[in-house]
Structure formats: C-alpha cells, structure tokens
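# Structural features, examined
For reference, the chains in residue letters:
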Amino acid sequence: MATRTERDPLGEVEVPSEALYGVQTQRAVDNFPISAIGPHPAFVWATVLIKKAAAVTHRETGRLDPKLADAIVQAADEVLDGLHGDQFVVDVFQAGAGTSHNMNANELLANRANELLGGSRGDYDPVHPNDHVNMAQSTNDIIPTAIALAALHLLQPLYEALDGLAASLERKSEEWDGIVKSGRTHVQDATPVRLGQEFGAYAVAVRRGRERIAAAEVDVQELSIGGTAVGSGLNAEPRYQERVVEVLGELSGLTVRRSENLFYSMQSMSRFAMLSAALKALAVDLGKLANDIRLLGSGPRTGISEIRLPAVQPGSSIMPGKVNPVMAECLNMICFQVLGNDLAVTMAAVAGQLQLNVMMPVIAHNLSQSIDILANGCKQFDELGVRGLEPDETMIRHWLERNTMLATALAPRIGYAAAAEIAKEAVRTGESIPDVAKRMTDLSEDELAQALDPAPMTEAGVRAGGGGGG
C-alpha cells in the first residue's frame, strides 16, 4: 500500500497515501486494534458539526481567515452530507478522553480543506488540524459536547418510536376492552382482568419511560464547549464561548444552551449517567412487555395462546409451520444490551478524576448505541409485532372458565376458607368453579351467576354482598 510520511512531536509515521486522516490518527490505529468497532455515526456527526460551528464562529469574530474558515466549513459539510465516513477509523476503545477521535476529525477536515484550496494531503498548509480546525478547542470540551449533541440528535427518532408504540398499545387497549380473561400472578391463576386493561398498562409503561427520558434530556442540553482544557476557557475568547453554542443550535435545530459552569460540565458525566439510567428504566419495562407477549402468545396448542402473533418469518429450519415471537425476542436482546451499556456508562462516569473524565469514549459509544437500538427496536416491534396482534377469544374463554380464582368473588359471602375449599375441589376434580360451588354451597343459581360473572370482577367493588378482606 502506498504511503506518505507525516511527522508529529513524537517523530515520523507512514500514513496511507489516500487517507484523509493523518499521523496522530494513524498512531491510534496502530495502538488500538481492539474491537473493530468505529465511532457511532451520530458521534461523528456531532464532532464534525462542532468543528463547523467553531469555524463559522471564528469567521464571525475575525479570528480565523475567512478563506480558511470557508474551506473548513465546506469540508465539514461534505462529511455531514455523508461523505468520508470511512475515514473515521479510530477504535471505540482508545486513548482516554477521546483525543484520538478528536484528532481524526481535525486531520480529516484539515486535509480536505487544503485539497479544496489546491493543496495536498499531509502538507497541512494553509489549514492546520490543531491551529485552525481545533482553534479555541480541546478534546476535553469537544468530546462531552459531542456526546450531548449525538444523544440529543438520536433522541428525536426514539421519541417518535415510543409515541408510535404507545399509540398502538392504546389502540389495542381500546379495541380489546370488552374481552375478559384470566389474570395471572406468580404465573398462577388470579382474578380476571380485561385484555384492554392489560395492554393499557403496557401503554402507560411506554409513556412513563418517555417522560423519564425527556426529563433527563434537559441537563444534557447544557454544553461544555468553550471550556477548552480544564473549564477555564484558556485560548477561547468570551465572544466565541457564547456564540459557538448559538451556532450549534442554529445548525442542528436542537435545543442547547451554554453550561452554567464549564468546570462542572467538563468533569462531571452525571447528566449522561442520568440519561442512561432513564434508558435503562425504559428497557426494564420494555423487556417485561416483550416477555409478556411471548408468554401470552405461547402455543399455539400447548401454551397460553391468548393472542395470535403476526407471522413475519418462518420460525424454524426443521419444524414446518412454526411461528416464533421474533420481534419480542429481538426487543428482549436490545433491552439486555441497554442494561449492560448503562452499567458501562455508570462505571465510566464514576471514573472521572479532578478536572477531566478520561473514560468519555466508552460513554459516547454506549449511550449512543442504547438510544439508537431502542429507537430502531421499538419502531420494528410496533410495526411488525404489536400492530398485527390478534386476540384468540376461544382460548381466552377456555382459560377463564377454568380459572380457580373465580372463587375469590365468593369469599365476601361464604368466607375465605370456604372459598378456598371450592378452589381446591375444582383443581382436584377438574370441574368448573360454578359447578363445584353449586355442590358445596346453598347459594341459588341466580346468586352464583351474579357472584361469578367475571366481567364485574375487573372493576373495584365487593361481589356477592357481605364483608371480608383480600
């Protein structure tokens, strides 16, 4: 492979001739062949957007020659339009703080800007990666700002996916509100619920998860840019510190604001930990929802089979006609990954020391991935899983008629102990609760029919008169 020789303060390094990146990026490639996982596209987008915003701001303040600023902006726009993505080559697991990723962006944009101005790759003239692309910046304020922008950018499709999923669950709740079914606690028979009530609870869980994420987002909107190395803003004029945040908001369309204390926002990663925790809480509820769908759709002849799953792909390479809950299974795996990512983010956030948290690259990767896969997973689960669900009312009636906990409605009239004997007898003989109750009580058929009507049991109230507790 043809190479060119580049030099940095440590000496000379051979860099592929066609590479837009340079010597410091090549050192990182050589030093960290760890996972073959590159930076998340949203993190790349955010980093390059910051570089563009900085160039725009420096052009406005007069600190950067307009010709150089325009070339940097044009180079940045190419990346933002989808070009040169293969030139971000630093592994997720890299040197602390993200210096290698930052220099990857600086070198790429400098080389491309110089080409646009008639120069050559690797010469860094007239545009220099440190002096011009990285002007008034440090890895230490660029990376937390990029983490925030990437997260804010990715949250928009997540909100859309959660709104869609919640709406689908709410529609099912309304459509199925009249279907009474067996409740289950401890995976055992429990008093009746309506299928609509069951799905209404799932919808609330999704809505609550969205609310927690939106609340955590507020702190993430506070940007660290302008703090440079430690939060003091050394080498960054006050006008730049104020204006660059405004430009980032204008370019991104995101709600952002300047940090109230740059020292704090550069050393503390708690805002990202809080957002990750909100994502984890959502994953907990989504995982439970996926588990329930798998249970309720189990069968179709030897399981619960109260809902019919949409057939989106063959379920087995050996068993013909098999349909598996693949969308729920996929969602479960996504949730497990988010739970693991949250632990990594939490540990990394704790690992900050003094004026800097050097574990930011792993925070960037895990937080971006969690938001991204949750958005994609919820969208697919909604469109290919939830919307196609259908109730199997025959099986619902089958299980409801055999539910021994219907005897609970008799307890206020005949007492807990007598009702328990009826339930035990039904299990022993295989009879229905109404048939056993007819034999073991002196209640009339009308009284039994009224007391054991399952529909009223799905609402608050005491059935069959009398007192008693639950």
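The numbers attached to residues start from 1 for each chain and follow its sequence in the written order. In keeping with the predicted nature of the model, local features appear solely for residues at pLDDT of at least 70, side-chain atom pairs appear and are counted solely at 80 or more, and the whole-chain, interface and lining totals rest on all residues. Each side-chain value is worked out from all heavy atoms of the structure, with water and hydrogens disregarded.

Moving on, we get to the pattern of salt bridges. A side-chain nitrogen of Lys or Arg and a carboxyl oxygen of Asp or Glu constitute a salt bridge if their distance falls within 4 Å. Using the criterion set out here, one finds 31 salt bridges in the structure. For the salt bridge of Lys 288 with Asp 292, the shortest nitrogen-to-oxygen distance reads 2.5 Å. Taken together, the positions of Lys 288 and Asp 292, both in helix 10 (residues 270–296) and four residues apart, correspond to about one turn of that helix. In this structure, the salt-bridge partner of Glu 401 is Arg 402, at a minimum N-O distance of 3.8 Å. A single network of salt bridges, built from pairs that share partners, joins Glu 60, Arg 243, Glu 246 and Glu 250. Secondary structure elements are taken from DSSP: a helix is a run of H or I of four residues or more, a strand is a run of E of two residues or more, and numbering for both begins at the N terminus.

Here the rule is simple: two strands pair whenever DSSP picks up at least two bridges between them. In the sheet, strand 3 (residues 180–185) pairs with strand 4 (residues 188–194) via five bridges, with the strands oriented antiparallel. When the bridges of strand 4 are listed, Gly 183 appears paired with Ala 190. Counting the residues between successive antiparallel strands, the hairpin from strand 3 to strand 4 contains two residues, one of them, His 186, with a positive phi of roughly 60°.

Right, let's talk about the packing of helix 1 (residues 23–31) against helix 4 (residues 99–116) for a bit. Simply put, an axis is a line fit to the C-alpha atoms, just over the touching stretch for a helix, and the angle between two N-to-C directions goes from 0 to 180 degrees. Closest axis-to-axis distance for the helix 1/helix 4 pair is 8 Å, and the angle between their directions is 140°. The angle between helix 1 and helix 4 places the two elements in the oblique class. For helix 1 against helix 4, the interelement crossing comes out left-handed. Only Ser 100, Met 103, Asn 104 and Glu 107 of helix 4 make contact with helix 1, whose side of the interface consists of Val 23, Gln 24, Thr 25 and Ala 28. Here the term charged refers only to Asp, Glu, Lys and Arg, the term nonpolar to Ala, Val, Leu, Ile, Met, Phe, Trp, Tyr, Cys and Pro, and the term polar to all other amino acids, Gly among them. A per-class count over the contact of helix 1 with helix 4 returns three nonpolar, four polar and one charged. An angle below 35 degrees is read as roughly parallel, one above 145 as roughly antiparallel, one from 65 to 115 as roughly perpendicular, and any other as oblique. Helix crossings get a hand from a simple test, with the near helix turned counterclockwise from the far one by less than a right angle marking a left-handed crossing and a clockwise turn marking a right-handed one. Only heavy atoms matter for contacts: two residues are in contact if any of them lie within 4.5 Å across the pair.

The subject of this paragraph is the packing of aromatic side chains. Aromatic pairs are defined between Phe, Tyr and Trp rings, using the six-membered ring for Trp, whenever the two ring centres lie within 6.5 Å; interplanar angles under 30 degrees are classed as stacked, those over 60 as edge-to-face, and all others as tilted. Evaluation of the coordinates by the stated rule reveals two aromatic pairs. Taken together, the ring pairs in this structure connect Trp 176, Phe 199 and Tyr 202 into an aromatic cluster. We count a charge as sitting over a ring when the NZ of a lysine or the CZ of an arginine lies within 6 Å of the ring centre and within 35 degrees of the ring normal. Of note, Arg 210 hangs over the ring of Tyr 159, and the distance from its end group to the ring centre comes to 4.3 Å.

Our focus in this paragraph is a nonpolar patch on the surface. Taken together, the side chains of Val 284, Met 333, Phe 336 and Leu 339 define a hydrophobic patch exposed on the protein surface, amounting to about 410 Å² of accessible area. Examining the composition of the nonpolar patch, we find that three residues originate from one element, helix 11 (residues 326–350), more than from any other. Relative to the helices and strands, Val 284 resides in helix 10. Here, patches come from residues exposed beyond 30% relative accessible area and free of salt bridges, joined within 9 Å for like charges and within 5 Å for nonpolar side chains (Val, Leu, Ile, Met, Phe, Trp, Tyr). Residue-level accessible areas treat just the shown protein chains as cover; the underlying method is Shrake-Rupley with a 1.4 Å probe.

With that out of the way, let us pick up the pairing of strand 2 (residues 11–16). Where strand 1 (residues 3–8) and strand 2 come together, six bridges link them in antiparallel fashion. Paired with Asp 8 across the strands is Gly 11, a residue of strand 2. The hairpin formed by strand 1 and strand 2 contains two residues between the paired strands.

A word on helix 6 (residues 139–175). Here a helix's expected span is defined as the number of its residues, less one, multiplied by 1.5 Å. With 37 residues, helix 6 extends 54 Å between its outermost C-alpha atoms, agreeing within 8% with the 54 Å of an ideal straight helix rising 1.5 Å per residue. Bending is quantified residue by residue as the angle between axes fitted to the seven-residue window ending at that residue and the seven-residue window starting at it. Remark: the principal bend of helix 6, roughly 25°, maps to Leu 155, with a proline, Pro 157, within the next four residues. Note on classification: 1.4 Å probe, protein chains only; a residue is buried when its accessible area is under 20% of the maximum for its type, exposed when over 50%, partly exposed between these limits. Among the 37 residues that make up helix 6, 26 are buried, leaving the element largely enclosed by the rest of the structure. Looking at where helix 6 begins, the residue whose side-chain oxygen comes 3.0 Å from the main-chain nitrogen of Asn 140 is Ser 138. Any pair of nitrogen or oxygen atoms within 3.5 Å is treated as a polar contact; in protein, a donor-acceptor pairing is required on top of that, and neighbouring residues in sequence qualify only through side-chain atoms on both sides.

Next up on the list: the side chain of Ser 252. Mapping Ser 252 onto the fold places it in helix 8 (residues 238–252). Look at Ser 252 and you get buried, because its relative accessible area is 18%. Polar contacts involving the side chain of Ser 252 include one to the main-chain carbonyl oxygen of Leu 248, which spans 2.7 Å. Side-chain polar atoms of Ser 252 contact the backbone nitrogen of Leu 254, separated by 3.1 Å. Once residues within four sequence positions are removed from consideration, Ser 252 is found in contact with Trp 45 and Leu 49.

For the bond running from Asp 125 to Pro 126, omega is 10°, close enough to zero to count as cis. Structurally, Pro 126 is set in the loop between helix 4 and helix 5 (129–133). Note the cis peptide between Gly 299 and Pro 300, where omega equals 10°. Here the phi dihedral of Ala 97 falls at roughly 75°; this positive angle occurs in a residue that is not glycine. Structurally, the position occupied by Ala 97 is in the loop between helix 3 (66–80) and helix 4. Phi is positive for Val 187, which is not a glycine, with a value near 60°. Looking at the element boundaries, Val 187 is found in the loop between strand 3 and strand 4.

Two cysteine sulfurs form what is called a disulfide whenever their separation falls within 2.5 Å. This model, assessed by the stated rule, comprises zero disulfides. Here Cys 335 stays free of any disulfide, with the sulfur of Cys 378 as its closest cysteine sulfur at 7.3 Å.

Before going further, it helps to examine the confidence of the model for the chain. A residue-level look at the chain finds 98% of positions with pLDDT of 70 or above and a mean pLDDT of 95. With pLDDT under 50 throughout, residues 466–470 is counted as low confidence; its partners more than four residues away or in other chains account for three contacts. Confidence of the prediction at every residue is given by pLDDT, a number between 0 and 100.

This brings us to the side chain of Arg 194. Note that Arg 194 resides in strand 4. Here Arg 194 falls in the buried class, since its relative accessible area comes to 14%. Excluding residues within four positions of it along the chain, Arg 194 makes contact with Asp 177, Ile 179, Val 180, Lys 181, Thr 458 and Glu 459.

Now for the environment of Ala 75. For Ala 75, the position within the fold is in helix 3. The exposure class assigned to Ala 75 is buried, which follows from its relative accessible area of 1%. On a C-alpha basis, the gap between Ala 75 and Asn 114 in space is 9.2 Å, while along the polypeptide they are 39 residues apart. The residues touching Ala 75, leaving out its near neighbours within four places in the chain, are Leu 109, Arg 112, Ala 113 and Leu 116.

Here the focus is helix 1. What sets the pattern is the α-helix's 3.6 residues per turn: residues three or four places apart point alike. Burial in helix 1 covers these residues: Val 23, Thr 25, Gln 26 and Ala 28. Looking at the packing, one finds that the buried side of helix 1 touches strand 1, strand 2 and helix 4.

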